Amino acid sequence: MSDSHRFVSPNEVRMGSGSADQIGDLMMARGTSALVVATSGVFDRYGDRIVGHLQEAGLETTVYDEVDPDPTVANVDAAHERYREADCDCIVTVGGGSPIDTGKATGVLAANGGEIREYAVDRAGYEGVPEPIPPMCAVNTTAGTGSEATRSIVVTDESTATKFLVVSTEAVPAVAVEDPTLTTTLPPSHTAFTGIDALTHAIEAYVSVHAWSMSDTLARAAIERVARWLPVAWANGDDLEAREEMLIGQFQAGQAFTNASVALVHGMARPFGAQLHVPHGLANGILLPYVMAFSTVGRPGRYADIARLLNAADEDTPDRDAAQAGVDAVADLCEQIQLHGYLDEFATIPDRETYASFVPEMAADAVASGSPDNNPRKPSTDEIETLYLEVYDDVLADVA
Ligand SMILES: [Fe+2]
């Protein structure tokens, strides 16, 4: 294994209340004609404000506001067509991971041509995008995916109902805008989902076999920050201090994992989410304590560190005991934000027999994603199947 590491980041980050109103200044130096990418709901709320600032700064604007919650190949193609028709030269996304990933994928096509599926890691490998995307600014309105800080793009292939992943340094946005006043309307459900996604990013980056000093510093900061502030932001969405701390925490978590990796939780969550129609963060949050309990033996010192960051153990606690206390603390945090309570509304859970019939395919998909290879305890396919069934019996059976 090489001793060298890669560290990527947006060139510029604007953080704090009112930073979204700086979008005109930020893009003026970077382009003349912006494609604005959003979901329709977020565009209705913030679109006029963002477009207004861009136009005041002298940019032309073209809007694509039809991004689906899990962006599809069709979304990317439609956004790219609008980009080409209007002769755009820069991209501004408004929203969370879905518009950000759509914007990044549109940029990949604008700079490189072809179809977005060609650039997925299963076809082009990691770093399979030759030319950098045009200048892009991600104006974030959630606090979780960290996509504005990462090399990753997740797109749903509607022809197979599966998600594929593109990973390239050339897809990192130039600018991230993190304005807490744009996140106060995020409902408790999505505050919980995106926040647990961020915690999962930080924990997986910290225990990853690719962790190193730079990712560790960010992961540790993110674990502490998200654990402290997620319950506050969840309980009171108008608490601007909590919203800002969550934006910082999720950004640090995004930087941590894009410069290390995610691991088994994300590997299992992608097929699990696709089968049960569960939002990404909720899928992670359901799996996280079970995967942690399975994995501690692979790197007990790291899991003990996590427990200490969560104030669930002290320096005198033996690592193996501390590691278990960390698992319990994460499960407690999920309970505090009533995560399992959202399954009723946000998941389609089949009976056990039907679920069990999906399990071999979900496990095979998880292995194929490559993420389980980054886990401190590398699971066999059988062990992944057992974890899926354990989660059903412990959590999902009550809701089915
Ligand atoms: Fe994630």
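Q: Before we move on, could you go through the overall build of the chain and cite the residues and values that matter?
A: Secondary structure assignment for the chain yields 15 helices and 8 strands. Against the compact-globule benchmark of 21 Å for 400 residues, the chain has a radius of gyration of 20 Å, which places it among compact chains. Overall size of the chain, expressed as C-alpha extent along the three principal axes, is 60 × 45 × 45 Å. When each of the 400 residues of the chain is scored for burial, the buried share is 58%. Long-range pairs, those at least 24 residues apart, make up 78% of the contacts in the chain between residues at least 6 apart in sequence.

Q: Tell me about the sheet that holds strand E5 (residues 136-140), and name the residues and values.
A: Spatial ordering of the open sheet is given by E1-E8-E5-E4-E2-E3, a layout of 6 strands whose pairing is parallel. Both outer strands of the open sheet, strand E1 (12-15) and strand E3 (60-64), are each paired with one neighbouring strand and no more. Taking each pair of neighbouring strands and ignoring which way they run, the sheet shows an average axis angle of 15°. Note that strand E2 (residues 33-38) and strand E4 (residues 90-95) share 5 bridges and pair parallel. Within the sheet, the bridge partner assigned to Leu-35 lies in E4 and is Ile-91. Each of E2, E3 and E4 touches helix H3 (residues 73-85); the most contacted strand, E3, lies at about 160° to it. Packing of helix H4 (residues 97-112) onto the sheet brings it into contact with E2, E4 and E5, and relative to E4 it is tilted by some 165°.

Q: Please give an account of the coordination of the iron ion that cites residues and values.
A: Ideal geometry at a metal centre gives angles of 109.5 degrees when four donors are arranged tetrahedrally and 90 or 180 degrees when six donors are arranged octahedrally. Bound to the iron ion on the protein side are Asp-197 (OD), His-201 (NE2), His-266 (NE2) and His-280 (NE2), at distances that span 2.2 Å. For the iron ion, the 4 donor atoms in the first shell make angles of 86 to 170° at the metal, a pattern classed as irregular. For the iron ion, the single-chain donor residues occur in sequence as D-x3-H-x64-H-x13-H. You can see His-266 sitting in helix H9 (residues 264-276) and its partner His-280 sitting in helix H10 (residues 280-295), a full 14 residues away along the chain.

Q: Describe the packing of H3 against H4, with residues and values.
A: Their axes nearest at 9 Å, the elements H3 and H4 cross at an angle of 60°. One way to sum up the angle between H3 and H4 is to call them oblique. H3 and H4 meet at a crossing whose hand is right-handed. Residues Asn-75, Val-76, Asp-77, Ala-79, His-80 and Tyr-83 of H3 form the contact with H4, whose own contacting residues are Thr-102, Ala-105, Thr-106, Leu-109 and Ala-110. Residue classes in the contact of H3 with H4 are distributed as 6 nonpolar, 4 polar and 1 charged.

Q: Mind laying out a negative patch on the surface, listing which residues take part and the relevant values?
A: Side chains of Asp-68, Asp-77, Glu-81, Glu-85, Glu-115, Glu-118 and Glu-158 sit close together on the surface and give a patch of like negative charge. Mapping Glu-81 onto the fold places it in helix H3.

Q: Describe in detail the domain arrangement of the chain, supporting the description with residues and values.
A: Here the domain parsing of the chain yields domain 1 (12-182) and domain 2 (188-398). The partner domain 2 presents 20 residues to the 23 residues of domain 1 that form the contact. Across the domain 1/domain 2 interface, buried area totals approximately 1800 Å², and carbon plus sulfur atoms make up 63% of it. Ranking the residues of domain 1 by area buried against domain 2 places Met-15, Ala-143 and Pro-180 at the top, with a combined share of 28%. Between the two partners, domain 1 and domain 2, sit 0 salt bridges. Listing elements by their share of the side of domain 1 that touches domain 2, those giving two or more residues are E1 and strand E8 (175-178). Of the residues belonging to the side of domain 1 that touches domain 2, the class tally is 9 nonpolar, 10 polar and 4 charged.

Q: Give me helix H7 (residues 213-235): which residues, what numbers.
A: Along its 23 residues, H7 runs 34 Å from first to last C-alpha, staying within 8% of the 33 Å computed at 1.5 Å per residue. Where H7 bends most, at Trp-229, the angle is about 35°, and the proline Pro-231 comes one to four residues later. Listed in full, the buried residues belonging to H7 are Ser-215, Asp-216, Leu-218, Ala-219, Ala-222, Ile-223, Val-226, Trp-229, Leu-230, Pro-231, Ala-233 and Trp-234. Packed against the buried residues of H7 are helix H6 (188-207), helix H8 (240-258), helix H11 (300-309) and helix H12 (319-336).

Q: Go over the pairing of E8 with me, naming the residues and quoting the values.
A: Side-chain alternation along E8 places Val-175 and Val-177 on one buried face and Ala-176 and Glu-178 on a second face that is also buried. Of the strand pairs in this sheet, E1 and E8 are connected by 4 bridges, and their pairing is parallel. What sits directly across from Arg-14, in E8, is Val-177. Where E5 and E8 come together, 4 bridges link them in parallel fashion. Bridge assignment links Ala-138 to a residue of E8, and that residue is Ala-176.

Q: Quick rundown of unusual backbone geometry? Include the residues and the values.
A: Phi at Asp-87 is positive, roughly 55°, even though this residue is not glycine. Mapped onto the elements, Asp-87 comes out in the loop between H3 and E4.

Q: Tell me about the pattern of salt bridges, and please be specific about residues and values.
A: Applying the stated rule across the entire model yields 17 salt bridges. The shortest N-O distance in the salt bridge between Asp-70 and Lys-163 comes to 3.4 Å. Taken together, the residues Asp-70 in the loop between E3 and H3 and Lys-163 in strand E7 (residues 162-167) connect sequence positions 93 residues apart. By relative accessible area, which is 30% here, Lys-163 ends up partly exposed. Shared partners join several salt bridges into a network, and the residues in it are Arg-6, Glu-127 and Arg-151.

Cut-off values and rules
- Residues numbered from 1 in each chain as written.
- Predicted model: local features only at pLDDT ≥ 70, side-chain atom pairs only at ≥ 80, totals over all residues.
- Heavy atoms only, no water.
- Helix = DSSP H or I, 4+ residues; strand = E, 2+ residues; numbered from the N terminus.
- Rg over C-alpha atoms; globule rule 2.2 N^0.38 Å.
- Buried < 20%, exposed > 50% of the residue type's maximum accessible area, 1.4 Å probe, protein only.
- Contact = heavy atoms within 4.5 Å.
- Pairing = 2+ DSSP bridges.
- Axes fitted to C-alpha atoms, helices over the stretch in contact; angles between N-to-C directions.
- Donors = N, O, S within 2.8 Å, 3.2 Å for Na, K, Ca; no water.
- Tetrahedral: all angles 85-135°; square planar, octahedral: opposite > 155°, others 65-115°.
- Parallel < 35°, antiparallel > 145°, perpendicular 65-115°, else oblique.
- Left-handed = near helix turned anticlockwise from the far one by under 90°.
- Nonpolar A, V, L, I, M, F, W, Y, C, P; charged D, E, K, R; others polar.
- Patch = residues over 30% accessible without salt bridge, like charges linked within 9 Å, V, L, I, M, F, W, Y side chains within 5 Å.
- Areas by Shrake-Rupley, 256 points an atom, 1.4 Å probe, with all protein chains shown as cover.
- Salt bridge = Lys/Arg side-chain N within 4 Å of Asp/Glu carboxyl O.
- Lys, Arg positive; Asp, Glu negative; His and termini not counted.
- Charge placed at Lys NZ, Arg CZ, Asp CG, Glu CD.
- Domains from an automatic or database assignment.
- Buried area = accessible area lost by both parts, 1.4 Å probe.
- Expected span 1.5 Å × (residues − 1).
- Bend = angle between axes of the 7 residues up to and from the residue.

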